[in-house]
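Architecture and fold: a report
Here is how the chains run, residue by residue.
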Amino acid sequence: MLSNQSLTTPHVQVTLIEAGSFETSVLGKSVVCPPHPAYTKPTLPSVTARRLLTDPAGPKLSWNNMEKGVAKIYQLTTLDDPPLHFPLGKDSVSLIRDQIEALTKDLERYESWSADL
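Residues numbered from 1 in each chain as written. Predicted model: local features only at pLDDT ≥ 70, side-chain atom pairs only at ≥ 80, totals over all residues. Heavy atoms only, no water.

Throughout the structure, instances matching the rule amount to 1 salt bridge. A salt bridge links E101 to K105, with the nearest nitrogen and oxygen atoms 3.4 Å apart. In this pair, E101 and K105 both sit in helix 4 (residues 90-110), 4 residues apart, roughly one turn of the helix. The exposure class assigned to E101 is partly exposed, which follows from its relative accessible area of 44%. Residue K105 is classed as exposed on the basis of its relative accessible area, which comes to 51%. (Salt bridge = Lys/Arg side-chain N within 4 Å of Asp/Glu carboxyl O. Helix = DSSP H or I, 4+ residues; strand = E, 2+ residues; numbered from the N terminus. Buried < 20%, exposed > 50% of the residue type's maximum accessible area, 1.4 Å probe, protein only.)

Below, the structure written as C-alpha cells:
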C-alpha cells in the first residue's frame, strides 16, 4: 500500500526559447530552393527574409554565436525557476522590446474599454 507521502504531483517546467538569428549550415541549403509560387508576392515577410539572406548586395545580418547560444540553453536547463519566455540573442531581445512597446501602447489606448465590464 502506498502512503500519501509517496504520491507526489510531477512538476513540469516549460521555457519558450525565442531565438534570434543563428548561422547554421541548414540555412544556406534551405534558402537556395526556389520558393513555391504562392510565396513569391513581394510584400510577404518570407520574401523579404529570403532577399535579406540571399542578396549579396543587401544588408548584412548580424548572426549570434551558435556555440554561445547552445551554452546559454544548457545553462537555462540548470535553473530551479526558469522563465516562461527566454530571448536568445541581441536581435531577439530587440524584437521583444518592440513587441512590448507596441502592446503597452495598445493597452494604454484601450484600457478604459474594460473599466466597466
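Glancing now at the side chain of S92. Tracing the sequence through the fold places S92 in helix 4. S92 gets classed as buried once you look at its relative accessible area, which sits at 5%. Within the structure, S92 has its side chain in polar contact with the backbone oxygen of E18 (distance 2.5 Å). Aside from chain neighbours lying at most four places away, what touches S92 is E18, A19, G20 and P87. (Polar contact = N/O pair within 3.5 Å; in protein donor to acceptor, adjacent residues only side chain to side chain. Contact = heavy atoms within 4.5 Å.)

A few words on the side chain of N64. Mapped onto the elements, N64 comes out in the loop between helix 2 (45-54) and helix 3 (66-77). With a relative accessible area of 17%, N64 lands in the buried category. Residues within four places of N64 in sequence aside, it is in contact with G20, S21, F22, E23, L88, G89, K90 and D91.

Here helix 3 is 12 residues long and its end C-alpha atoms lie 17 Å apart, about the 16 Å a rise of 1.5 Å per residue gives. For helix 3, the N-terminal cap is N65; the gap from its side-chain oxygen to the backbone nitrogen of E67 is 3.0 Å. (Expected span 1.5 Å × (residues − 1).)

A few words now on a nonpolar patch on the surface. On the surface, V12, V14, L16 and L84 cluster together into a nonpolar patch covering about 390 Å² of accessible area. Within the secondary structure, L84 is located in the loop between helix 3 and strand 2 (85-88). (Patch = residues over 30% accessible without salt bridge, like charges linked within 9 Å, V, L, I, M, F, W, Y side chains within 5 Å. Areas by Shrake-Rupley, 256 points an atom, 1.4 Å probe, with all protein chains shown as cover.)

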